[in-house]
Amino acid sequence: MRFLHAMIRVKNIDDSMKFYTELLDLTRTGEVKLDDSTLYYLSDEDGQTQIELTYNNETPKNGYTNGNAFGHFAFEAKSMEEFTEKMNKFGYKYLYEPYFMPEINMHIAFLKDPDGNEIEIMAK
């Protein structure tokens, strides 16, 4: 068995698409229109990991709320400094500023996507 993708519902598909494709460099690989929603598939650079952004035709005005079980998505950047510059260019801010975690020998930081999902950025 292999893992295919994780799905999240989004309030504004344009904002979410910009965040995931332009900031996190995911590539849009597919789209499926259903009666009540549209599913957008995004993939990382090696095509092994996907996220499905689901945009429902009737989206709650205030968006969606996550339960307390979901934590975050983690992405590895080639350089924390370069990612921070890019993030600032797009107007996003860190939830937790970059810091070095010696237990894993990496720098990590957190920000939120347009729907409030936590995103961990990791870099060597």
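Residues numbered from 1 in each chain as written. Predicted model: local features only at pLDDT ≥ 70, side-chain atom pairs only at ≥ 80, totals over all residues. Heavy atoms only, no water.

1. With respect to the confidence of the model for the protein chain
Applied cut-off: Per-residue confidence from the predictor is reported as pLDDT, which spans 0 to 100. Secondary structure elements follow DSSP: runs of H or I of four or more residues count as helices, runs of E of two or more count as strands, with numbering from the N terminus.
Model confidence for the protein chain is summarised by a mean pLDDT of 94, while 100% of its residues fall at 70 or above. At the level of individual helices and strands, the protein chain shows its lowest average pLDDT in strand β1 (residues 5–9), which scores 95, and its highest in strand β3 (residues 37–43), which scores 98.

2. Description of unusual backbone geometry
Here the phi dihedral of D25 falls at roughly 60°; this positive angle occurs in a residue that is not glycine. In this fold, D25 is placed in the loop between α1 (13–23) and β2 (27–33). Of note in the backbone geometry, N105 takes a positive phi value of approximately 55° without being a glycine. Tracing the sequence through the fold places N105 in the loop between β6 (94–101) and β7 (106–112).

3. Some words on the pairing of strand β4 (residues 50–56)
A regular strand places its side chains on the two faces of the sheet in alternate fashion. To be explicit about the condition: Note on exposure labels: buried denotes an accessible area under 20% of the residue type's maximum, exposed denotes more than 50%, and partly exposed covers the range between, all computed with a 1.4 Å probe on protein chains only. We call two strands paired when DSSP finds no fewer than two bridges between them.
Counting buried positions over the 7 residues of β4 gives 5, a clear majority of the element. Note: β3 against β4, 7 bridges, orientation antiparallel. Residue pairing for β4: Y40 is matched across the bridge by L53. Count of turn residues in the β3/β4 antiparallel hairpin: 6 residues, of which G47 carries a positive phi of about 75°.

4. Some details on the packing of aromatic side chains
Here is the rule we go by: Note on ring pairs: Phe, Tyr and Trp rings are taken, using the six-membered ring of Trp, and paired if centres are within 6.5 Å. Classes follow the plane angle, with under 30 degrees stacked, over 60 edge-to-face and the rest tilted. Any Lys NZ or Arg CZ that is within 6 Å of a ring centre and within 35 degrees of that ring's normal is treated as a charge sitting over the ring.
Throughout the structure, instances matching the rule amount to 4 aromatic pairs. Seen from their ring centres, F19 and Y20 are 5.0 Å apart, and the 75° between their planes marks the pair as edge-to-face. In this pair, the class of F19 matches that of Y20, namely buried. On the basis of an interplanar angle of 65° and a centroid distance of 5.2 Å, the ring pair of F70 and F73 is categorised as edge-to-face. On the basis of relative accessibility, which here comes to 35%, the residue F70 falls in the partly exposed class. Three or more aromatic residues joined by ring pairs make a cluster, and in this case those are F19, Y20 and Y92. Across the ring face of F90, the terminal group of K89 is positioned such that the distance to the ring centre comes to 5.8 Å.

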